[in-house]
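# A look at the structure
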Amino acid sequence: MKIYEKAPAKINLMLDVLHKRPDGYHEVEMIMSMVDLSDRLELSALPGDTIIISSQAGYIPLDEKNLAFQAARLLKDRYDVRSGVHIHLDKKIPVAAGLAGGSSDAAAALRGLNRLWNLGISQEELKKLGEELGSDVPFCITGGTALATGRGEKLTPLSAPPQCWVILAKLPINVSTADVYGRLRADELVSHPSAARMRAAIEQGSFDGVCRELGNVLEDVTLELYPDVAHLKNTMIRLGADGVLMSGSGPTVFGLVSKESKVPRIYNGLRGFCKEVYAVRLLT
């Protein structure tokens, strides 16, 4: 028996950090939405207590460092599962890119194994399990568009943003989320993006409003560490994207584009100096 699961990437339409918590995590407010760039997981039952991860990508760990492996181990331990699994990851989402590729793989593994092993776990319980794997995993389990608070695990579903094209561009650098958060001084931030205004723009179906309210307090940290990301963002603006922002801790920059006729110019202009460029749609 084989089970297939898609693991879509996410972008942050806004990301604010309120303060550092006593537990070491940061209190955040984020509005996230899925885009049509996905990894694909193929899950096959194996006998015994075996977890095998494989992938066509040569740049990801295939052992216990892999979040899909950790998801399988968590379910086996928590529900005393004696069956094994082979998970093949067909990777399309760039790694260490601020697009939650690893978290989405973990979420897809939880969903798929719930079916493969007939565990009957509710979505709410899957989200709680996902919290143990990473702050973005609960959102990746439900998908769609949501306001995330706490350390990212408290989710309020939102209606879908106005449909548009999303141009994603990732430079050949990997950014450590922990390093970016470690360098952030939340108490020294002088301006914050507004979750309330972004939410209102989404609910009103205002594409211009969504573009106007884009904001990410991690940008300044990443752009200072990697000036090429600032150059990429400025290039995307110059090429005519309607709204431009870095996703997560970077280095991926995305541009929202309302008119399909503008997409080839932006895409081709970015491909001139950036190998990983994708033109996708929001998942609604």
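These notes cover the structure that comes with them. All values derive from a computational prediction rather than experimental measurement.

What follows covers the packing of helix α9 (residues 227-238) against helix α10 (residues 263-271). The geometry of α9 relative to α10 is characterised by a closest axis approach of 10 Å and an angle of 150 degrees between their N-to-C directions. One way to sum up the angle between α9 and α10 is to call them roughly antiparallel. Seen from above, α9 lies across α10 with right-handed handedness. Counting all contacts with α9, which are made through Leu232, Thr235, Met236 and Arg238, the residues of α10 involved are Arg265, Ile266 and Leu270. Its residues assigned to classes, the contact of α9 with α10 shows four nonpolar, one polar and two charged.

One pass over the structure, following the stated rule, counts zero aromatic pairs. Geometry around Tyr25 places Arg151 over its ring, the cationic atom sitting 4.5 Å from the centre. When the ring centre of Trp165 is taken as origin, the NZ or CZ atom of Arg281, which lies over that ring, is 4.8 Å away.

This part covers the sheet that holds strand β10 (residues 253-257). Read from one edge of the open sheet, four strands run β9-β10-β7-β11, paired in antiparallel fashion. Here the strands that pair on one side only, and so sit at the sheet edges, are β9 (243-246) and β11 (276-281). Going from strand to strand, the sheet's axes swing by 20 degrees on average, the running direction of each strand aside. One ladder, built from five bridges, connects strand β7 (residues 165-170) with β10; its direction is antiparallel. Bridging across to β10, Ile167 finds its partner in Gly255. Packing of α9 onto the sheet brings it into contact with β7, β9 and β10, and relative to β10 it is tilted by some 10 degrees.

Attention now moves to the packing of helix α1 (residues 67-79) against helix α2 (residues 101-116). It is at 8 Å that the axes of α1 and α2 come closest, and there the two elements cross at 35 degrees. Crossing of α1 over α2 shows right-handed handedness. Seen from α1, the contacting residues are Leu67, Ala68, Ala71, Ala72 and Leu75; seen from α2, they are Gly102, Ser103, Asp105, Ala106, Ala109, Leu110, Leu113 and Asn114. Across the contact of α1 with α2, the residue classes tally to nine nonpolar, three polar and one charged.

Here the focus is the environment of Asp105. On the secondary structure map, Asp105 appears in helix α2. Note on Asp105: relative accessible area 4%, which makes it buried. Distance in space between the C-alpha atoms of Asp105 and Pro8 is 8.4 Å, their sequence separation being 97 residues.

This paragraph deals with the side chain of Lys233. Relative to the elements of secondary structure, Lys233 occurs in helix α9. Classification of Lys233 as buried rests on a relative accessible area of 16%. Residue contacts for Lys233: discarding those within four places in its chain leaves Glu219, Val244, Leu245 and Val253.

Mapped onto the elements of the fold, Ser103 is located in helix α2. Contact partners of Ser103, with chain neighbours within four places excluded, come to Leu67, Asp136, Val137 and Cys140.

For the rest of this paragraph, the subject is the pattern of salt bridges. Per the stated rule, a full pass over the model turns up 20 salt bridges. Note that Lys2 is salt-bridged to Glu42, the shortest N-O span being 3.4 Å. A residue pair is termed long-range when its members are at least 10 positions apart, and Lys2 in strand β1 (residues 2-20) and Glu42 in strand β2 (residues 26-46) qualify at 40 residues. With relative accessibility at 22%, the residue Glu42 sits in the partly exposed group.

On to the nonpolar core. Ranked by size, the top nonpolar core spans 70 residues in total, and within it Val17, Val85, Ile87 and Leu270 carry the most contacts. Counting residues per element, this core draws most heavily on α2, which supplies seven residues. Not counting residues within four places of it along the chain, the set of residues in contact with Ile87 comprises Leu41, Glu42, Leu43, Ile52, Ile53, Ser54, Ala68, Ala72 and Ala109. Within the second largest apolar cluster, 28 residues are counted, among which are Leu99, Cys164, Met198 and Val280.

Among the structural elements, Val277 can be located in strand β11. Taking the C-alpha atoms as reference points, Val277 and Ser194, 83 residues apart in sequence, are found 28 Å from one another. Leaving out residues up to four positions away in the same chain, Val277 has contacts with Ile167, Leu168, Ala169, Tyr267, Leu270 and Arg271.

Another aspect to go through is the layout of surface pockets. Regions of empty space are outlined by a rolling probe, equal in size to a water molecule, passed over the atoms. Considering only enclosed or pocket space, the largest pocket measures out at about 1,000 Å³ in volume. Lining the largest pocket are 42 residues; nearest its centre among them are Ala100, Ser103, Asp136, Thr177 and Ser249. Top element by residues in the lining of the largest pocket is α2. It accounts for four residues. Partitioned by chemical class, the residues of the lining of the largest pocket number 21 nonpolar, 15 polar and six charged. The space that makes up the second largest pocket amounts to roughly 360 Å³. In this structure, the second largest pocket is lined by 19 residues; those nearest its centre are Ser191, Pro193, Asn216, Val217 and Asp220. If you list the elements that add at least two residues to the lining of the second largest pocket, you get α7 (207-213), β8 (215-216) and α8 (219-225). Here the lining of the second largest pocket gets three residues from one element, more than from any other, and that element is α8. The residue inventory of the lining of the second largest pocket, partitioned by class, reads seven nonpolar, five polar and seven charged.

Rules used in this analysis
- Residues numbered from 1 in each chain as written.
- Predicted model: local features only at pLDDT ≥ 70, side-chain atom pairs only at ≥ 80, totals over all residues.
- Heavy atoms only, no water.
- Axes fitted to C-alpha atoms, helices over the stretch in contact; angles between N-to-C directions.
- Helix = DSSP H or I, 4+ residues; strand = E, 2+ residues; numbered from the N terminus.
- Parallel < 35°, antiparallel > 145°, perpendicular 65-115°, else oblique.
- Left-handed = near helix turned anticlockwise from the far one by under 90°.
- Contact = heavy atoms within 4.5 Å.
- Nonpolar A, V, L, I, M, F, W, Y, C, P; charged D, E, K, R; others polar.
- Phe/Tyr/Trp six-rings, centres within 6.5 Å; stacked < 30°, edge-to-face > 60°.
- Lys NZ or Arg CZ within 6 Å of the ring centre and 35° of its normal.
- Pairing = 2+ DSSP bridges.
- Buried < 20%, exposed > 50% of the residue type's maximum accessible area, 1.4 Å probe, protein only.
- Salt bridge = Lys/Arg side-chain N within 4 Å of Asp/Glu carboxyl O.
- Core = buried A, V, L, I, M, F, W, Y, C linked by side-chain atoms within 4.5 Å.
- 1 Å grid on protein atoms, 1.4 Å probe; cavity = no way out; pocket = protein on both sides within 12 Å on 5 of 7 lines; lining within 4 Å.
- Points joined across faces, edges and corners; volume = space filled by probe spheres on them.

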